[in-house]
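# Residue-level structure breakdown
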Amino acid sequence: MMNQTFSLAAMDRYQFCNLGIEDLNAIMAIEELVYTHPWSRGNFLDSFEQGHAVCGIRDASDKLLGYFVLMPVVDELHLLTIAVDQCKQGQGYALILLRYLKDFAASRQFHSILLEVRISNRRAREIYQRFGFEEIGRRKAYYPAHNGQREDAIVMRMSLV
C-alpha cells in the first residue's frame, strides 16, 4: 500500500500509512480511550502476525489520528476494528478512513466489506449507513458489556460490485 497525502480545507495535511508493531503504543493510546472494551495488545499482535492489513492516518507532524484492521476472507474484507483519536472525532476522519478502506478493497478486487457494530453505538451505525453499509443481520451477545453482560452486534455489509 502506498502512502497518500491529501489536503482538505478544514484539516491539516494527512497521509495514509501501513502500521506495524512499532506503532502499537500509538494504536493502544487511541484504542484505550475510545472503546469501553478495547482490543488488547495481544489482539493487535495477533493481527500483525496473521498478516491482516493494519492501516492508519497520520497528520503532518506524523501523529497517528486513526486506524483500521482488515482481515481478508475469500472475496470479502472483514473490518475488525476502526478508531479515530478522541480529540479528532467529529471532524470527518472516520469518513476519510472509510473512503480509503473502500478504495483499498476495490483495488484488490474484493467484492464486499463486512463489519460488526455494537447495537448501542448509534453514531457509528449512522456513519456506516451514510457511507453505504447496510444491515444484514445480528449476532446475539457478540460484544462484552458492563457487569459481565453481553451486547448484540449489528452485522453490516457494503457491496463493491
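Everything below is about the structure shown above.
Report on the accompanying structure. (Residues numbered from 1 in each chain as written. Predicted model: local features only at pLDDT ≥ 70, side-chain atom pairs only at ≥ 80, totals over all residues. Heavy atoms only, no water.)

### Topic: the overall build of the protein
The following threshold applies: In this description a helix means any DSSP run of H or I spanning at least four residues, a strand means any run of E spanning at least two, and both kinds are numbered starting from the N terminus. Each radius of gyration reported is based on C-alpha atoms, and the globular scaling rule is 2.2 Å times the count of residues to the power 0.38. When a residue's accessible area, from a 1.4 Å probe over protein chains only, is under 20% of the maximum for its type it is buried; when over 50% it is exposed; and in between it is partly exposed. Contacts between residues were defined by any pair of non-hydrogen atoms, one from each residue, lying within 4.5 Å. Methods summary: accessible areas were calculated by the Shrake-Rupley approach with a probe of 1.4 Å, and residue burial reflects only the protein chains presented. For the purpose of charge, His is not counted, nor are the chain termini; Lys and Arg are scored as positive and Asp and Glu as negative. For charged residues, the charge sits on one atom: NZ in Lys, CZ in Arg, CG in Asp, CD in Glu.
Within the protein one finds 4 helices and 8 strands. Along the protein, from the amino end to the carboxyl end, the secondary structure elements read β-β-α-α-β-β-β-α-β-α-β-β. For the protein, whose C-alpha radius of gyration is 15 Å, the value lies close to the compact-globule estimate of 15 Å for 161 residues. With respect to the principal axes defined by its C-alpha atoms, the protein has extents near 40 × 40 × 35 Å. A total of 161 residues make up the protein; the buried ones form 43% of that total. A separation threshold of at least 6 residues defines the contact pool for the protein, and within that pool the share at least 24 residues apart is 57%. Total accessible area computed for the protein in this model is approximately 8,900 Å², and 48% of it derives from carbon and sulfur atoms. The protein carries 18 positive and 19 negative side-chain charges, and their two centres are separated by 5 Å.

### Details of the layout of surface pockets
Spelled out, the test is: A pocket, in this scheme, is an open set of points on a 1 Å grid over the protein atoms alone with protein on both sides within 12 Å along at least 5 of 7 lines, while a cavity is a set where a 1.4 Å probe fits but cannot get out; residues line either one if an atom lies within 4 Å of a point. Grid points are joined across faces, edges and corners, and a volume is the space filled by probe spheres set on the points. Under the grouping applied here, Gly and all other residues not named as nonpolar or charged are polar, the nonpolar ones being Ala, Val, Leu, Ile, Met, Phe, Trp, Tyr, Cys and Pro and the charged ones Asp, Glu, Lys and Arg.
Volume-wise, the largest pocket comes out at about 1,000 Å³. Forming the boundary of the largest pocket are 39 residues, of which Tyr35, Ile82, Asn121, Ala124 and Tyr128 lie nearest the centre. Of all elements in the fold, only helix 1 (24-34), strand 5 (76-84), helix 3 (93-107), strand 6 (112-118), helix 4 (122-131) and strand 7 (134-144) reach the threshold of two or more residues within the lining of the largest pocket. When residues of the lining of the largest pocket are assigned to their parent elements, the largest contribution, 7 residues, is made by strand 5. Across the lining of the largest pocket, the residue classes break down as 21 nonpolar, 11 polar and 7 charged.

### Some remarks on the nonpolar core
What counts, and what does not: We define a nonpolar core as any set of buried Ala, Val, Leu, Ile, Met, Phe, Trp, Tyr and Cys residues linked to one another through side-chain atoms lying within 4.5 Å.
Counting 32 residues, the largest nonpolar core has Ile57, Phe68, Leu70, Leu79, Leu98, Tyr128 and Phe133 as its most contacted members. Of the residues forming this core, the biggest block, 8 residues, is contributed by helix 3. Residue contacts for phenylalanine 133: discarding those within four places in its chain leaves Leu98, Ile113, Leu115, Tyr128, Met156, Arg157 and Met158. With 13 residues, the next largest nonpolar core counts Leu19, Leu24, Ile30 and Val69 among its residues.

### Concerning the pairing of strand 4 (residues 64-73)
When a strand is regular, its side chains alternate between the sheet's two faces. Note the threshold: At least two DSSP bridges between two strands are needed for those strands to be called paired.
With 7 of 10 residues buried, strand 4 lies mostly within the body of the structure. Hairpin connection from strand 3 (residues 53-59) to strand 4: 4 residues lie between these consecutive antiparallel strands, with aspartate 62 at a positive phi of about 75°. Pairing between strand 4 and strand 5: 8 bridges, direction antiparallel. From the neighbouring strand, phenylalanine 68 faces strand 5, where its bridge partner is isoleucine 82.

### Here's the deal with the side chain of arginine 58
Quick reminder of the rule: Polar contacts here mean pairs of N or O atoms no more than 3.5 Å apart (in protein, one a potential hydrogen donor and the other a potential acceptor; neighbouring residues in sequence count only if both atoms are side-chain atoms).
Looking at where arginine 58 falls in the secondary structure, it is placed in strand 3. A polar side-chain atom of arginine 58 sits 3.0 Å from the main-chain carbonyl oxygen of aspartate 62. In contact with arginine 58, not counting residues within four places along its chain, are Arg13, Tyr14, Gln15, Cys17, Leu19, Asp23, Lys63, Leu64 and Leu65.

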